[in-house]
Amino acid sequence: MKNYKELEKLLFSMDGKSYSAYKSLKGEYKFEKYILAIDHVQSDPYAPPSKMRVIMDRKICGIPYELTDTKDKNIAVSDFLTRNFYREIQKIGNDSTGTGGSGRIFIDRCGQEILERTSVLIKRDKVEVRFEMGMPARGRRIMGKAAQKIIFEQLPEIVEKSIIYDNLNKKALNEQVILVLDQEYARKMLKEKGLVAFVANDSVLPRESGVSDRPMKNAVKFKSPEKFEITLKLPSGKEISGMGIPKGITLIVGGGYHGKSTLLAALERGVYNHIAQDGRELIISESDAVKIRAEDGRNVEKVNISGFINNLPQNKDTRAFSTENASGSTSQAANVAEALEYGTSLLLIDEDTSATNFMIRDGRMQKLVAKEKEPITPFIDRVKELYDNFGVSTILIVGGSGDYFDMANHVIMMDEYVPKDVTEKAKEIAKLDENKREFSSNDKFKGVTQRIPLKKSFSQSGKLDKTKAKGKYSILYGKELIDISGLEQLVDDSQTNCIAVMIDYFKNKVLDEKLTLSQAADRIYEKIEKEGLDSISSYTGHPGNLALPRKQEFCGAVNRYRKLRIK
């Protein structure tokens with residue numbers, strides 16, 4: 001390990017030299033309060049930034065051990081420090097100096113959710129911050145003095161203010177840890193109380209705009225209908241009241257623009273913990289809840305959709321259904337079957353993003369088209385069976401299908417963003433209806449098939465045998481694009497980065513043609529649980545831009561890979 005003075009000397013000496021001379025900086029340098037590790041130096045000013053780490057002794061950092069002695073606490077503190085580091089970067093201006101993105105410092109940017117990340121690693125003996133820096137250049141010539149200013153003036157100031165415990169907002173840090181513990185406790189309480197979700201009173205559900213995830217100012221605050229109101233006592237000592245949504249089949253109804261989709265969107269995000277002042281920090285859903293939608297054109301590989309679609313023309317087998325271009329109904333059937341395959345206790349469905357013929361076939365259509373001529377068993381005829389026989393609840397937005405009243409255990413109406421219990425009224429309407437549709441399924445839902453991926457699915461070699469994320473909803477394997485825009489519960493680009501790394505680890509270390517996709521995913525998550533999120537990355541020094549996705553999104557991405565082959 002070299003002394004920081006050697007680094008300073010090197011930077012001054014290479015001023016004006018060819019950009020490639022920066023490569024000689026790779027290594028570790030001892031500063032007064034930390035070690036600076038330069039793990040990777042970019043080859044060109046326009047290339048992705050250089051990768052660095054600040055490694056600080058835990059005693060110097062000073063964060064009390066009792067704030068990080070459980071995994072949940074550790075994630076809360078890591079998130080807090082990442083946000084702090086990002087804020088301090090913004091304070092110094094962080095303007096680009098010279099060519100490309102040179103002269104800028106970057107760290108993983110956190111959204112409204114608190115996720116397990118690799119940007120800040122907290123161990124018993126050290127704290128490690130992983131960030132990137134564009135090495136300053138004019139044209140393709142090194143700006144050594146500018147690099148020296150960033151590394152020796154700006155970086156120490158950022159580190160001092162964002163990582164040293166004595167300089168932190170201790171009250172805010174402590175509150176974030178307590179908030180995460182409260183949220184995790186509330187999520188565990190759902191099962192004990194027979195609930196699938198909870199929405200605290202005074203929550204703010206609407207967001208600022210279509211492109212902002214921040215809470216809307218002056219929005220109508222949530223207030224539970226009396227019938228659904230429960231009170232939870234949290235570990236912090238707080239008591240919170242709100243709407244507990246019981247297990248079973250719950251309909252959310254109401255006119256257009258009255259808040260139905262806004263409530264469902266909040267429940268989708270309720271699988272994650274949230275920061276304070278988000279407005280949704282005490283909206284809690286089952287951690288394995290899956291949003292289901294139609295996805296015209298998606299790839300489906302040997303999925304058992306026979307519970308919903310059968311007797312297709314040309315006797316096509318729907319117990320192992322494959323297509324490169326699924327219709328709305330077949331894609332939605334596949335999405336439900338896959339969610340059941342890798343595990344869910346709650347389906348979230350919006351009528352607006354569903355295939356109509358998958359969701360419902362009304363009485364008039366039943367009279368016109370004979371049962372034996374219709375291959376689709378609509379979701380309405382399976383929803384109760386999914387709950388009664390498989391323990392899978394459904395929360396469903398309906399605006400045009402009153403036939404679902406017969407199946408519902410609970411009906412909540414959104415009226416100008418105010419929820420009202422209309423269960424009894426909906427049931428009365430259902431009883432008085434003289435033109436009821438008929439139950440159209442003759443057979444029982446038999447469940448789903450666990451599928452085993454084949455190694456030949458990932459047969460690329462050389463430079464093409466790599467996975468790379470491209471934004472939140474795209475992953476490349478070689479030149480093959482995996483479109484994951486249908487996975488609406490992804491909230492962060494870094495989760496997609498992580499899925500790309502997980503697919504790489506899956507195909508190289510886990511895939512053996514004996515494990516089902518669900519079992520293989522469990523193996524990866526067990527390794528992450530035991531050894532940390534960065535343990536699955538092939539990059540040994542600096543996987544700083546990963547955020548853990550759920551098993552549901554990882555499996556969902558693999559399922560959308562068009563060259564996936566099943567045993």
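- The name an unreviewed UniProt entry gives the protein chain is ABC transporter ATPase, with Leptotrichia buccalis as the organism.

## With respect to the nonpolar core
- If you look at the biggest cluster of nonpolar residues, it comprises 52 residues, and the most contacted ones within it are Leu7, Tyr22, Leu36, Leu81 and Phe85.
- Looking at which element gives the most residues to this core, the answer is helix H4 (residues 144–163), with 8 residues.
- Setting aside anything within four residues of it in sequence, one finds Leu81 in contact with Ile63, Val120, Ile122, Val127, Ser162, Ile163 and Leu168.
- The next biggest cluster of nonpolar side chains, apart from the first, holds 43 residues, and it includes Val290, Leu312, Ala326 and Phe445.

## A few points about the packing of helix H13 (residues 517–531) against helix H14 (residues 551–559)
- For the pair H13 and H14, interaxial distance at closest approach is 10 Å and the crossing angle is 130°. Between H13 and H14, the interaxial angle falls into the category oblique. The handedness of the crossing between H13 and H14 is right-handed. Listed contacts from H14 to Leu517, Ser518, Ala521, Asp522, Ile524 and Tyr525 of H13 are Lys551, Phe554, Cys555, Val558 and Asn559.
- For the contact of H13 with H14, the residue count by class is 7 nonpolar, 2 polar and 2 charged.

## Points about the sheet that holds strand S16 (residues 249–253)
- Strand order in the open sheet made by the 6 strands is S19-S22-S23-S16-S24-S25, with mixed pairing throughout. Each of the sheet's edge strands pairs with one partner strand only, and the pair in question is strand S19 (290–292) and strand S25 (418–421). Across the sheet, the mean angle separating the axes of adjacent strands is 20° when strand polarity is ignored.
- Note: S16 against strand S23 (residues 393–397), 4 bridges, orientation parallel. Along S23, the bridge assignment pairs Leu251 with Leu396.
- Contacting S19 and strand S22 (346–350), helix H7 (residues 328–342) runs over the sheet at an angle of about 165° to S19.

## Looking at the side chain of Gln489
- Within the fold, Gln489 resides in the loop between strand S28 (480–483) and helix H12 (493–510).
- A polar side-chain atom of Gln489 sits 2.8 Å from the main-chain amide nitrogen of Lys291.
- Within polar-contact distance, the side chain of Gln489 engages the side chain of Arg550 at 3.2 Å.
- With sequence-adjacent residues up to four places away left out, Gln489 is seen in contact with Glu268, Val271, Tyr272, Ala289, Val290, Lys291, Leu348, Arg550 and Glu553.

## Quick notes on the sheet that holds strand S11 (residues 195–200)
- Taken in spatial order, the 4 strands make up an open sheet running S14-S15-S11-S18, and their pairing is antiparallel. Two strands lie at the open edges of the sheet, namely strand S14 (229–233) and strand S18 (283–285), each paired on one side alone. Taking the axes of each pair of neighbouring strands and ignoring which way they run, one obtains an average angle of 35° across the sheet.
- Inspection of the sheet shows S14 paired to strand S15 (residues 239–246) by 5 bridges, in the antiparallel sense. Note on S15: the bridge partner recorded for Leu232 is Ile240.
- Here helix H5 (residues 170–192) sits on the sheet and contacts S11, S14 and S18; the angle it forms with S18, its principal contact strand, is near 50°.

## Points about the pattern of salt bridges
- All chains considered together, the criterion is met by 44 salt bridges.
- The partner of Asp534 in a salt bridge is Arg130, and the shortest N-O contact between them spans 2.8 Å. One end of the pair, Asp534, is in the loop between H13 and H14; the other, Arg130, is in strand S8 (residues 126–133), and 404 residues separate them in sequence.
- According to the relative accessible area criterion, Arg130 is buried, its value standing at 4%.
- The salt bridge involving Glu488 is made with Lys291; its shortest N-O contact spans 2.8 Å. Taken together, the positions of Glu488 in the loop between S28 and H12 and Lys291 in strand S19 put the pair 197 residues apart, joining distant regions of the chain. Like Lys291, Glu488 is buried.
- Each member of the salt-bridge network shares a partner with another, and the members are Asp39, Arg53, Lys126, Glu128, Arg130 and Asp534.

## Some remarks on the domain arrangement of the protein chain
- With domains assigned, the protein chain is organised as domain 1 (2–168), domain 2 (196–449) and domain 3 (455–560).
- Once you take the C-alpha centre of each, domain 1 and domain 2 turn out to be 45 Å apart.
- Each partner contributes to the roughly 670 Å² buried at the junction of domain 1 and domain 2, and carbon and sulfur atoms together form 54% of this total.
- The largest contributions to the domain 1 side of the interface with domain 2 come from Gln112, Glu113 and Ile114, which together make up 83% of the buried area.
- In this assembly, domain 1 and domain 2 are joined by 2 salt bridges.
- Notably, a salt bridge pairs Arg280 with Glu113, separated by 3.9 Å at the nearest N-O pair.
- Along the contact surface separating domain 1 from domain 2 lie 5 residue pairs in polar contact (both at pLDDT 80 or more).
- Those elements that place two or more of their residues in the side of domain 1 that touches domain 2 are helix H3 (71–91) and strand S6 (113–114).

Cut-offs used in this document
- Residues numbered from 1 in each chain as written.
- Predicted model: local features only at pLDDT ≥ 70, side-chain atom pairs only at ≥ 80, totals over all residues.
- Heavy atoms only, no water.
- Core = buried A, V, L, I, M, F, W, Y, C linked by side-chain atoms within 4.5 Å.
- Buried < 20%, exposed > 50% of the residue type's maximum accessible area, 1.4 Å probe, protein only.
- Helix = DSSP H or I, 4+ residues; strand = E, 2+ residues; numbered from the N terminus.
- Contact = heavy atoms within 4.5 Å.
- Axes fitted to C-alpha atoms, helices over the stretch in contact; angles between N-to-C directions.
- Parallel < 35°, antiparallel > 145°, perpendicular 65-115°, else oblique.
- Left-handed = near helix turned anticlockwise from the far one by under 90°.
- Nonpolar A, V, L, I, M, F, W, Y, C, P; charged D, E, K, R; others polar.
- Pairing = 2+ DSSP bridges.
- Polar contact = N/O pair within 3.5 Å; in protein donor to acceptor, adjacent residues only side chain to side chain.
- Salt bridge = Lys/Arg side-chain N within 4 Å of Asp/Glu carboxyl O.
- Domains from an automatic or database assignment.
- Buried area = accessible area lost by both parts, 1.4 Å probe.

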